[in-house]
Each structure stands twice: as structure tokens, then as C-alpha cells.
Amino acid sequence: MASSKSMFLFMCFVFGSLMQSMKAQDPSKLTLDYYTKTCPNAQHIVRTEMECFVRAEPRNAAIMLRLHFHDCFVQGCDGSVLLDDTATLIGEKQAEQNINSLKGFDLVDKVKEKLEAECPGVVTCADLLAIAARDAVELVGGPYWDVPVGRLDSKTASLDLANTDIPTAQQGLLTLISKFWAKGLSATDMVALVGSHTIGFARCANYRDRIYGDFEQTSKYNPSSETYLSKVKETCPLDGGDDNISAMDYATPAAFDNAFYEQLIKGEGLLNSDQEMWSSLVGSQTADLVNKYWADPGLFFKQFSDSMVKMGNITNPEGGEVRKNCRFVNT
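Just so it is clear, the model here is predicted, and its values are computed rather than measured.

J.: Just checking my understanding: could you explain the UniProt feature "domain: Plant heme peroxidase family profile" (unreviewed entry) in the protein for this structure?
T.: If you check UniProt for "domain: Plant heme peroxidase family profile" (unreviewed entry), the listed places come out as residues 29–330 in our numbering. What you have in residues 29–330 is 50% helix and 2% strand, and the ends, taken at the C-alpha atoms, are 23 Å apart.

As C-alpha cells, then:
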């Protein structure tokens, strides 16, 4: 177990690095009424399309939410995750954490087409993702929050940052906390935001080490946990089946609720990174939050909403444009 002093020094280092990086940033000021005059139906258009997508396939809610998250963790929430590779630009879609997990680009295209038909050259792809993520959560039973808008779409992308900044399923708690802190997000934000896994699915390649590793230890060899473990092992064999998927919340996979946290308390988190929030030897703070969010769904919804706004406020200091097509910078 890491000592309390070691943990304190580590967090001081992370905080200091964060403060240093923030000095150079000048985030755009986002407002709730940014499109009131220029595109008053923008949010209604996004909502209508999201209702169709989620009705057709409930998993589309998690797909759109993940796009927004992966976008904000690289250069800020600037739509860079949506850019295709071209002769002059290398996008982020081939990054390790994106290539086999991110979907929904066709859904973004459809929403953008509707927005361009209504208000040409007005609504950014970055704002589209932020609004769609909120609607996705609410449409499957989660909370509603007001989305500040006014982001710009980047003219660049960073494959390198996508490979280093996005949290991975195999990382330990201190690494995960440091990655969130580097974006201005606290451990409280992290535990709340990871609660979005209540509607998420994971690839076998991302949880194989977990289910053939310490799963039985964290679940204390509970018979009911063993039954669950047997089922996921059928989906995810030791060899092959990398792209097979399992719900990260097996109790209510299509509903945005707090059941995900109960799985962590039982030691049944599918991803190592998730279970670390409860089982890590240095995770007393995160474990306490897991307990609170499981005991009080209202508290979880409130913190999740606040943390989504906070994450959505991470902007790209380089500025940008309003892309006509979310896949390409304007020519």
C-alpha cells in the first residue's frame, strides 16, 4: 500500500503540473444562448435526431457519449476526434483507444446535415457532440443539464495526444487520476463521469486480463459473481474474440442509472480501470464516492451533470472554425 505521504506528494505534483499548463490557456467563453439568434432550433434539431437514433438502437446513446468524452480529452472539446485522415492531416481515429471502440461518425454526419440545412455555417461539430451527449444520457433515463455552447472546431488533430491522454482500461488508479487532473477534472469528477459506463459496452480485448486475472479476488469468490464470470468468459475466451463485447453494467445495460457502482462494490467491475476506483489500496477517496453514488442516485445524477459541464468547458486555446463537414477542415 502506498503511504499517505506518497499519495499527497503525488497529488501535489499533478496539481502543480496542471496549474502550470492552465496558465497558458485562455478558454473560450461558452454561453447558454450562443445560438439563440443565429440558429434558435439547433438544440431541437439535435434532440430530434438523437431520439430517432436511440429508438432505433439504444446503444447509440453510449456511442455518442463516448465520442464527446474522447473528443474533450484531446486538445479540448473541439471536434478533432471527428476528423478523417487526409493527405495533409493525420486524425485521431486510428489511436489505440479509438480505432476499435469509436463509432457513430455516420450519426454525426446526419445531424450535421440537418443543422447545415437549417443554419449553414453556424453550429460547430464540437457543440453538436456536447448537445448530443446530453440528449443521449437523458433519453436512456439519465439526468438533464443545460449545455453551454460556443465551442469552435479545430483545424488540427493529434494522434499522439489521443494515444497518451485518453485513459485506458488497464491503467491503475493513480495514473487515471493524473490523466483527469491534467484536464482540470478532479477525482470526484472522474468517479462520476466513469459512471457513464452504466450504458457502456467493452471489447473483450479490453477486459480479458481482468476476468482471467484478479476478478475472483476482488469479488471474493462469491458464487453469484462466479456465475457472472463464467458468462463473460464464454463471450471472451483466452484466445480470440477480441471484438466480442459485454455490457459494463450487466444489471441494467440499457438504462442510465447507478447500478454500475453496485458492481464495483461487489468486486465485479468488468474493466480493471473501473474496479480500481473501489479496490485500489490507494483508493479510499474514490471508494467512498462509489459508495455514495450507489446509495444516492440523485447525488450521482447531480455530480454527473456538473462534471459533464465541467468537462465540456475544456476548450482548445488555439481556436478554430465552424466546419461545414465534421470530417474535414474547411478549404
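Having put the structure on the table, let's press on.
J.: Please explain the state of the cysteines as it appears in this structure.
T.: By definition, a disulfide links two cysteine residues through a covalent bond between their sulfur atoms. This model, assessed by the stated rule, comprises four disulfides. One disulfide in the model links Cys-39 with Cys-119; its S-S distance is 2.1 Å. Between Cys-39 and Cys-119, the S-S dihedral sits near 80°, and the bridge is therefore right-handed. With a gap of 80 residues between them, Cys-39 in the loop between helix 1 (4–22) and helix 2 (42–56) and Cys-119 in the loop between helix 4 (105–118) and helix 5 (125–139) connect regions that are remote in the sequence.

J.: Please clarify how the pattern of salt bridges should be interpreted in this entry.
T.: In a structure, side chains of opposite charge can pair up when their charged atoms sit close to one another. Taken as a whole and judged by the stated rule, the model has 18 salt bridges. Across the salt bridge formed by Asp-165 and Lys-183, the nearest N and O atoms sit 2.8 Å from each other. One end of the pair, Asp-165, is in helix 6 (residues 159–165); the other, Lys-183, is in the loop between helix 7 (173–181) and helix 8 (187–194), and 18 residues separate them in sequence. Like Lys-183, Asp-165 is buried. Residue Lys-292 is joined to Asp-288 by a salt bridge in which the shortest nitrogen-to-oxygen separation is 3.3 Å. With Lys-292 and Asp-288 both in helix 14 (residues 284–295) and four residues apart, the pair spans about one turn of that helix. Judged by its relative accessible area of 41%, Lys-292 is partly exposed.

J.: What am I meant to see in the packing of helix 14 against helix 15 (residues 297–312) here?
T.: Relative to each other, helix 14 and helix 15 sit at 115°, their axes nearing to 5 Å. The orientation of helix 14 with respect to helix 15, classified from their angle, is roughly perpendicular. Touching Lys-292, Tyr-293 and Ala-295 of helix 14 are Pro-297, Leu-299, Phe-300 and Gln-303, all from helix 15. Residues belonging to the contact of helix 14 with helix 15 are distributed by class as follows: five nonpolar, one polar and one charged.

J.: Where do I start with the packing of aromatic side chains in this structure?
T.: Two aromatic rings are characterised by how far apart their centres lie and by the angle between their planes. For the structure on display, the rule yields 16 aromatic pairs. Between Tyr-293 and Phe-300, the aromatic rings sit 5.9 Å apart at their centres with planes inclined by 40°, giving tilted as the arrangement. Take Tyr-293: its relative accessible area is 2%, and that puts it in the buried class. For Arg-59, the ring lying beneath its charged end belongs to Phe-201, and the centroid distance is 4.9 Å. Note that Lys-93 overlies the ring of Phe-105, its terminal NZ or CZ placed 4.0 Å from the centroid.

J.: So what exactly am I meant to see when it comes to the environment of Ile-45 here?
T.: If you trace the backbone, Ile-45 turns up in helix 2. In this structure the C-alpha to C-alpha distance between Ile-45 and Leu-128, which are 83 residues apart in sequence, comes to 9.9 Å. Once residues lying within four places of it in the same chain are set aside, the contact partners of Ile-45 are Lys-114, Leu-115 and Glu-118.

J.: What exactly am I supposed to notice about the nonpolar core here?
T.: Nonpolar side chains tend toward joint burial in soluble globular proteins. With 71 residues, the main nonpolar core has Met-190, Met-277, Phe-304 and Met-311 as its most contacted residues. Per element, the largest residue contribution to this core is nine residues, and it comes from helix 5. Apart from the residues lying within four places of it in its own chain, the contact partners of Phe-304 are Leu-65, Val-137, Pro-143, Trp-145, Ala-192, Leu-193, Ser-196 and Phe-256. With 13 residues, the next largest nonpolar core counts Cys-204, Val-232, Met-248 and Leu-270 among its residues.

J.: Honestly, the confidence of the model for the protein in this entry has me stumped. Any pointers?
T.: In regions of low pLDDT, the predicted coordinates are not meant to be interpreted in detail. Taken over all residues, the pLDDT of the protein has a mean of 93, while the share at 70 or more is 92%. Note that residues 1–6 has pLDDT below 50 and, in this model, two contacts with residues that lie over four places away or in other chains. Ignoring residues within four places in sequence, the model shows residues 12–28, a span with pLDDT below 50, making 12 contacts including any to other chains.

J.: Looking at this structure, how should I read the side chain of Thr-198?
T.: Here Thr-198 shows up in the loop between helix 8 and strand 1 (201–203). Relative accessible area serves as the criterion here: at 0%, Thr-198 is assigned to the buried category. In terms of polar contacts, Thr-198 uses its side chain to reach the backbone carbonyl oxygen of Ala-255, at 3.4 Å. Residues in contact with Thr-198, not counting those within four places in the same chain, are Asp-249, Thr-252, Pro-253, Ala-255, Phe-256, Asp-257 and Phe-260.

Definitions and cut-offs
Residues numbered from 1 in each chain as written. Predicted model: local features only at pLDDT ≥ 70, side-chain atom pairs only at ≥ 80, totals over all residues. Heavy atoms only, no water. UniProt positions renumbered as here; feature names shortened; annotations may be inferred. Helix = DSSP H or I, 4+ residues; strand = E, 2+ residues; numbered from the N terminus. Disulfide = S-S within 2.5 Å. Salt bridge = Lys/Arg side-chain N within 4 Å of Asp/Glu carboxyl O. Buried < 20%, exposed > 50% of the residue type's maximum accessible area, 1.4 Å probe, protein only. Axes fitted to C-alpha atoms, helices over the stretch in contact; angles between N-to-C directions. Parallel < 35°, antiparallel > 145°, perpendicular 65-115°, else oblique. Contact = heavy atoms within 4.5 Å. Nonpolar A, V, L, I, M, F, W, Y, C, P; charged D, E, K, R; others polar. Phe/Tyr/Trp six-rings, centres within 6.5 Å; stacked < 30°, edge-to-face > 60°. Lys NZ or Arg CZ within 6 Å of the ring centre and 35° of its normal. Core = buried A, V, L, I, M, F, W, Y, C linked by side-chain atoms within 4.5 Å. pLDDT = per-residue confidence, 0-100. Polar contact = N/O pair within 3.5 Å; in protein donor to acceptor, adjacent residues only side chain to side chain.

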